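# Observations on the model geometry
As a plain string of letters, each chain reads:
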Amino acid sequence: MKLIQAKNYEEMSEKAAAFMIQQVQSKRNSVLGLATGGTVIGTYDRIVEDFKQSNTSYSEVHTFNLDEYVGMQPSDSNSYHSYMDKQLFRHINLPEDHSYLPDGMADNLQEECQRYEQLIKDSGGIDLQLLGIGQNGHIGFNEPGASFDSVTHIVNLTESTRKANARYFESIEEVPTQAITMGIATIMKSKKILLLVSGESKAEAISRLINEQIHNDNPSSVLKNHADVTIIADEEALSLLK
Ligand code: F6R
């Protein structure tokens with residue numbers, strides 16, 4: 001794993017956007033794996049800025065998001081479909097039918113998981129997967145205890161994850177209890193992985209990732225088994241490592 005240090009959130013976001021833009025410029029038809037959440041918003045902002053200024057083209061890119069809540073309409077403002085549209089998709093020239101997220105409203109959720117996994121395979125596989133990390137070490141919604149062999153599947157969200165995500169909802173009761181997520185094996189098949197870590201609240205998670213042995217109690221620890229992982233972390237996130 002390669003660790004790149006950034007001063008703060010802004011610098012982390014700039015470095016991350018540059019990394020992703022470089023991927024798209026060097027391979028126009030890249031398949032990007034995308035994440036939602038607070039950490040990656042600054043990165044998307046800078047990708048949008050670059051698109052406006054430099055015209056980096058996304059016309060041949062395909063994207064797959066890590067996850068989506070179960071039981072949430074894509075049009076719901078808290079859905080990850082809405083998030084991606086608002087933060088990135090509507091601002092760049094990515095064709096509408098080139099972006100994929102799991103369908104949390106599917107009648108048959110098991111079939112939806114299989115369909116999603118197959119779509120990723122059919123695309124030729126993910127060239128670069130962008131990840132954030134949960135305070136409990138989750139990646140995607142693969143919570144502690146998740147099997148390293150898991151492919152796209154339905155998960156029950158832990159209380160800590162629901163609490164962390166409650167900031168986007170009126171109350172914690174409104175936070176869905178389940179999601180569809182790429183599995184750990186799905187994520188690990190990506191050719192390259194870029195993990196972003198920002199802020200004191202993630203200091204323990206990054207310190208555990210770096211110092212602890214690989215174990216599914218800490219899903220992010222599996223990244224040590226991947227040949228091409230870059231972590232960009234800011235000073236606050238790295239505060240426990242000094
Ligand atoms: C989001 C996702 C999650 C987040 C993680 C960090 O699609 O899969 O694993 O990356 O929960 O979220 P933030 O950035 O909001 O702290």
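Refer to the preceding data block for the structure.
A brief look at the structure comes next. Residue indices follow the written sequence of each chain, beginning from 1 at its first position. Whole-chain, interface and lining totals are the exception, using all residues; otherwise, since this is a predicted model, local features are given only for residues with pLDDT of at least 70 and side-chain atom pairs are given and counted only at 80 or more.

### Points about the nonpolar core
Put simply, the rule is: Any set of buried Ala, Val, Leu, Ile, Met, Phe, Trp, Tyr and Cys residues joined through C-beta atoms within 7 Å is what this text calls a nonpolar core. Buried, partly exposed and exposed are defined by the number of other C-beta atoms within 10 Å of a residue's own C-beta, namely 20 or more, between the two limits, and 12 or fewer respectively, with C-beta atoms placed from the backbone. Counting from the N terminus, the helices are DSSP H or I runs at least four residues long and the strands are E runs at least two residues long. Contacts here follow a simple rule: the backbone-placed C-beta atoms of the two residues must lie within 7 Å.
Among the nonpolar cores identified, the biggest contains 59 residues, and Leu130, Leu131, Leu194, Leu195, Leu196, Val197 and Ala233 are the most heavily contacted of them. Top contributing element to this core by residue count: helix 1 (residues 9-26), with six residues. Those residues within four positions of Leu196 in sequence are excluded, and the remaining contacts are Met12, Ala16, Thr39, Val40, Thr43, Gly132 and Ile232.

### As for the site of the ligand
To keep things clear, this is the line we draw: By convention here, the C-beta atom is placed from the backbone, and a residue is near a molecule or strand when that atom is within 6 Å of it. Residues are sorted three ways: Asp, Glu, Lys and Arg are charged, Ala, Val, Leu, Ile, Met, Phe, Trp, Tyr, Cys and Pro are nonpolar, and all the rest, Gly among them, are polar.
With respect to spatial proximity, 14 residues lie near the ligand, and among them Thr36, Gly37, Gly38, Thr39 and Gly132 are the closest. Taken together, the residues of the shell around the ligand break down into five nonpolar, eight polar and one charged.

### Quick word on the sheet that holds strand 4 (residues 67-69)
Spelled out, the test is: Pairing between two strands requires that DSSP report at least two bridges joining them. Axis definition: a line fitted to C-alpha atoms, over the contacting stretch in the case of helices. Angles run 0 to 180 degrees between N-to-C directions.
Ordered by their spatial adjacency, three strands build an open sheet running 4-8-7, and the pairing between neighbours is antiparallel. Sheet topology places strand 4 and strand 7 (153-156) at the edges, where each strand pairs with a single neighbour. Strand-to-strand twist across the sheet, computed as the mean angle between neighbouring axes with direction ignored, equals 30 degrees. By the bridge criterion, three bridges tie strand 4 to strand 8 (residues 178-181) in an arrangement that is antiparallel. Opposite Tyr69, over in strand 8, you have Ala179 as the bridge partner.

### Describing helix 1
The test is simple: A helix's residues, less one, multiplied by 1.5 Å, set its expected span. The arc in question is the one spanned by the directions pointing from the helix axis to the C-beta atoms.
With 18 residues, helix 1 should cover 26 Å at 1.5 Å per step; its first-to-last C-alpha distance of 26 Å lies within 8% of that length. Along helix 1, the residues classified as buried are Tyr9, Met12, Ser13, Ala16, Ala17, Met20 and Val24. Within helix 1, the buried residues cover an arc of 125 degrees as seen down the axis, which keeps them to one side. Opposite the buried face of helix 1, by more than 90 degrees, sit the exposed residues Gln22 and Ser26. Those residues of helix 1 that are buried lie in contact with strand 1 (2-6), helix 2 (41-54), strand 6 (128-131), strand 9 (192-197) and strand 10 (229-234).

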